[in-house]
Structures are given as C-alpha cells and as structure tokens.
Amino acid sequence: MFTVHQATLHDFTRLQTFYASYYPAGHPLFNEAFWRWMYLHEPYGICLIAQNEDGEIVGHLGCVQGGGRTWLVNILINKKYSGFGMIEMLFNAARKRGPLTVAVANEAGAGLLRKKGWTEAEPLQRLIWIHPSLRHQQIDDHFFKPYIMDVDLPKPAGHFWKQPHLHGIQLADGSTAVLAAKTSGLRLIDVVDMQTVIDWAIANKIRWMDWVGSSHDSLVQKLAKQDFTNITSFPWFLDPVDFNRSIQLNLFSEEPLPADFLFHRTYADMTRIGKIIAAQS
C-alpha cells in the first residue's frame, strides 16, 4: 500500500502541500534554502517520505545525525492512513542510519512513542540566565527587545552553522551560541569557559541566555553557580513571543541510552525560535 523513499529536491514542491496540513505559514520547512540545508546534506539530515498507491505523500520522517544516533525531528502522518504500518516502514528506513532517538516530542509524538514501548529517559533541563540589571523586571512582552549592537564575531565552522537565517557566533574561548537578535538573547550550544560567556553577555547587553542539556551534565552545577536557573514561565517560542505555548523537554530512545549519554543541543530541532519569512531560493 505504501512505498518509502529518501526525498530529493524534486519532492520539495509536493511537500509544500503536505506541510500545509501541519505547519503555519512561515515555518522553516516551507523555505527551500532551509529545507536544502536540513535534508539534502546526508551526513547531517535526510527526509523520508511515504507515498500511497496514487503517488500522494501521506507520511514524512525527518532525521538528523548526532552522537552516533539518528534523531527523529518531524514525524507527520496523514490520519487516514494511521494504523496501516506506515510508521514502522518509515522507522525501518531510519534505523539503517543508527539507533532511533527523539527529543522534545509533542503530545501526540510522545503518546505514540510510549505506545510503541520506547524508553523515556530523564527529562532534559533548560536553564535561564537574566542580565543582572534586569533580574528585578517581570518576564513579559516588555522584557524582550530587539538587539541593536553590532556583533563582530566569527561564525563557528560546520554544517550546523550554515543553517539559513541563523546567527551563529563563536566567542574567543571557543564557546558557541545562536544570537536571538529579535529578543536580545543567546541560545548556548557549546560552553568552554562559563566566565568568558558571562562577561561577554554583560558587556554586550545580552538580556537573557538559555542552555538545554542532560540533567546529569557536569555543566549544570557550573551554570547554577553563575545564576542560571529553571524559570518555567520563560517562553520557548520567541518570534513572536508566545507565553501560551510550551514544550516538554522529554527524551525518548528505542533502546535505553547509555548511562553516560549527554544530550547536545544540535541533536534536535531546537535552536530556531521563530519563523522564516523570506523569498524561496
């Protein structure tokens, strides 16, 4: 009833129609440059699509590679075809690339993985730092302001940092982050020397920073000493700022994760904070 193949650029136009049933306008996957970056560089990511007998796209599985594992980032299934084995066909194709893992699954995705008997690991942690001069201020719409300073720092090397419309920076110590310019924030990726990061953020009037990782990561204690805390009310969706939407920092794996496994932010689709509204390229 279904066939599964790895998507190519020839599938992009058809996928736009399929995505429209799941994502709002401006979602990154509608942008061709982003889609190419995400799914046409095979060492990083691929897109698997399922078609019915009429050649209609009825299933989609986006995968990225990281830490020797295959991370599932977009599981989209036409409800008319659920329960016919399509999910397993897509998963089988993805398994050829490495053990299957999922971070930050939505409610439907988490329910599916629990039903399939996947292991649910300890939730990831998100820690927030607020500029010392702003810690008395309420976290509301007025807190977030556009970043107006010039940042003359190199972009880190590697495919991840070639992500379209992503402002990646590398500090002098080698720490890397995504500059969230619309809200004057930093989303930390790699932290080499925490004090260097803090000093740069204060000097350059960064209003907030966040870090996401495993709760047993040794960096958690170092961050806590630098006033990083778990602020549950701090929004995740920031373009536009949305206090009503939230995510679950869950972590699932088909087989139990090693005890020393540490999550890295590039393993999941969690560095972007908003839409891409730009001309298709």
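Above this note sits the structure.
Summarised in this report is the structure supplied together with it. (Residues numbered from 1 in each chain as written. Predicted model: local features only at pLDDT ≥ 70, side-chain atom pairs only at ≥ 80, totals over all residues. Heavy atoms only, no water.)

### Some words on the pairing of strand 9 (residues 176-180)
Next up, step 1: A large share of strand 9 lies buried, amounting to five of its five residues.
Next up, step 2: Residues Thr 176, Val 178 and Ala 180 line one face of strand 9 and the alternating positions Ala 177 and Leu 179 line the opposite face, and both faces are buried.
Next up, step 3: Bridge analysis of strand 8 (residues 168-170) against strand 9 gives three bridges, and the strand direction is antiparallel. Each bridged residue has a counterpart across the sheet, and for Gly 168 the counterpart in strand 9 is Val 178. (Buried < 20%, exposed > 50% of the residue type's maximum accessible area, 1.4 Å probe, protein only. Helix = DSSP H or I, 4+ residues; strand = E, 2+ residues; numbered from the N terminus. Pairing = 2+ DSSP bridges.)

### Regarding the pattern of salt bridges
Next up, step 1: With the rule as written, the count across this model stands at twelve salt bridges.
Next up, step 2: Residue Lys 116 pairs with Glu 88 through a salt bridge whose shortest N-O separation is 2.9 Å. With Lys 116 in the loop between helix 4 (107-115) and strand 6 (119-120) and Glu 88 in helix 3 (residues 86-95), this pair connects stretches of sequence that are 28 residues apart.
Next up, step 3: One salt bridge in this structure joins Asp 239 and Lys 182, with 3.2 Å as the shortest N-O distance. Of this pair, Asp 239 sits in the loop between helix 6 (219-225) and strand 12 (251-253) while Lys 182 sits in the loop between strand 9 and strand 10 (185-190), placing them 57 residues apart in sequence.
Next up, step 4: On the accessibility criterion, Lys 182 (55% relative accessible area) is exposed.
Next up, step 5: Several salt bridges share partner residues, and in doing so they unite Glu 88, Arg 95, Lys 116 and Glu 254 into one network. (Salt bridge = Lys/Arg side-chain N within 4 Å of Asp/Glu carboxyl O.)

### Things to note about the sheet that holds strand 9
Next up, step 1: An order of 7-11-10-9-8 is seen for the five strands of this open sheet, with the pairing classed as mixed. At either end of the open sheet lies a strand with only one pairing partner, and these are strand 7 (125-130) and strand 8. Shown here is a sheet whose adjacent strand axes are inclined to one another by a mean of 30°, direction ignored.
Next up, step 2: Strand direction decides the pairing type here: strand 7 and strand 11 (residues 208-213), joined by six bridges, are antiparallel. Paired with Trp 129 across the bridge in strand 11 is Met 209. (Axes fitted to C-alpha atoms, helices over the stretch in contact; angles between N-to-C directions.)

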